[in-house]
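# Working through the structure, step by step
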Amino acid sequence: MSCRIDRVVDGEDSVVLRVSGRIEAENVDTLREVLGREKRGVVIDLREVVLVDREAVKFLAFTENNGIALRNCPAYIREWTDREKARMAAEDQA
């Protein structure tokens, strides 16, 4: 199974990127590119994500730290992204 990204316009000033499948290292660049094209507010919906790897977790934590909301985030991904954000904050303070 691969990663699929569906773009849904959510009102006048918001876009939802619905991600499904697996998010692995090779998908992070694609997701980054898609996010970079958006001029509106963006939300990433993770309801249909079944697996993420470390690079994906790092990317999701970074994007959330930069104001992009993660919607319908599975509990295990939320736990990993929270740990990654704490690790990034500790590195910034060092």
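Use the structure listed above.
This is a predicted model, so every value here is computed, not measured. (Residues numbered from 1 in each chain as written. Predicted model: local features only at pLDDT ≥ 70, side-chain atom pairs only at ≥ 80, totals over all residues. Heavy atoms only, no water.)

### So, the overall build of the protein
Spelled out, the test is: Segments assigned H or I by DSSP are reported as helices when at least four residues long, segments assigned E as strands when at least two residues long, and all are numbered from the N terminus. The buried label goes to any residue with under 20% of its type's maximum accessible area, the exposed label to any with over 50%, and the partly exposed label to all in between, with areas taken from a 1.4 Å probe on protein chains only. Here, residues are in contact when the closest pair of their heavy atoms is within 4.5 Å. Areas reported as accessible are Shrake-Rupley estimates using a 1.4 Å probe. Residue values count occlusion only from the protein chains shown. The convention is simple: Lys and Arg are positive, Asp and Glu are negative, and His and the chain ends are not counted. All charge positions are set by atom: Lys at NZ, Arg at CZ, Asp at CG, Glu at CD.
Regarding its fold elements, the protein presents three helices and four strands. Listing the helices and strands of the protein from first to last along the sequence gives β-β-α-β-α-β-α. Taken along the three principal axes of its C-alpha coordinates, the protein extends 40 × 30 × 25 Å. By the burial criterion, 40% of the 94 residues in the protein qualify as buried. Counted over contacts in the protein with a minimum sequence separation of 6, partners at least 24 positions apart contribute 64%. Accessible area of the protein: about 5800 Å², with a carbon and sulfur share of 46%. Taken together, the 16 basic and 19 acidic charged side chains of the protein have centroids lying 1 Å from each other.

### Some points on the pairing of strand β2 (residues 14-23)
Our working rule: When DSSP finds two or more bridges between two strands, those strands count as paired. Consider the strands pointing away from the viewer: the crossover is right-handed when the path from the first strand over the helix to the second runs clockwise.
Most of β2 is tucked away, with eight of its ten residues classed as buried. As consecutive antiparallel partners, strand β1 (residues 4-9) and β2 are separated by four residues, and within that stretch Gly11 has a phi angle of approximately 85 degrees, a positive value. Two strands pair when backbone bridges link them, and β2 and strand β3 (residues 41-52) are joined in this way by nine bridges, in the parallel orientation. Considered in β3, the bridge of Arg18 is made with Asp45. Crossover handedness for the path β2 to helix α1 (residues 25-37) to β3: right-handed.

### What about the pattern of salt bridges?
If the charged atoms of two oppositely charged side chains come close together, the side chains can form a pair. The following threshold applies: Salt bridge, as used here: a side-chain nitrogen of Lys or Arg that lies within 4 Å of a carboxyl oxygen of Asp or Glu.
Throughout the structure, instances matching the rule amount to 15 salt bridges. Arg78 is paired through a salt bridge with Glu64; the nearest N and O atoms lie 2.9 Å apart. Within this pair, whereas Arg78 is found in helix α3 (residues 75-93), its partner Glu64 is found in helix α2 (residues 54-65), the two being separated by 14 residues in sequence. The partner of Arg87 in a salt bridge is Glu84, and the shortest N-O contact between them spans 2.3 Å. Residue Arg87 and its partner Glu84 are located together in helix α3, separated by three residues, close to a single helical turn. Look at Glu84 and you get buried, because its relative accessible area is 3%. Each of Arg54, Glu84, Arg87 and Glu91 takes part in a single network of salt bridges with overlapping partners.

### Quick notes on the state of the cysteines
Disulfide: a covalent bond connecting the sulfur atoms of a pair of cysteines. We count it as follows: Here, a disulfide means two cysteine sulfur atoms that sit within 2.5 Å of each other.
Following the criterion strictly, the structure yields zero disulfides and no others. Free of any disulfide, Cys3 has its nearest neighbouring cysteine sulfur in Cys73, separated by 14 Å. For Cys73, a relative accessible area of 18% corresponds to the buried category.

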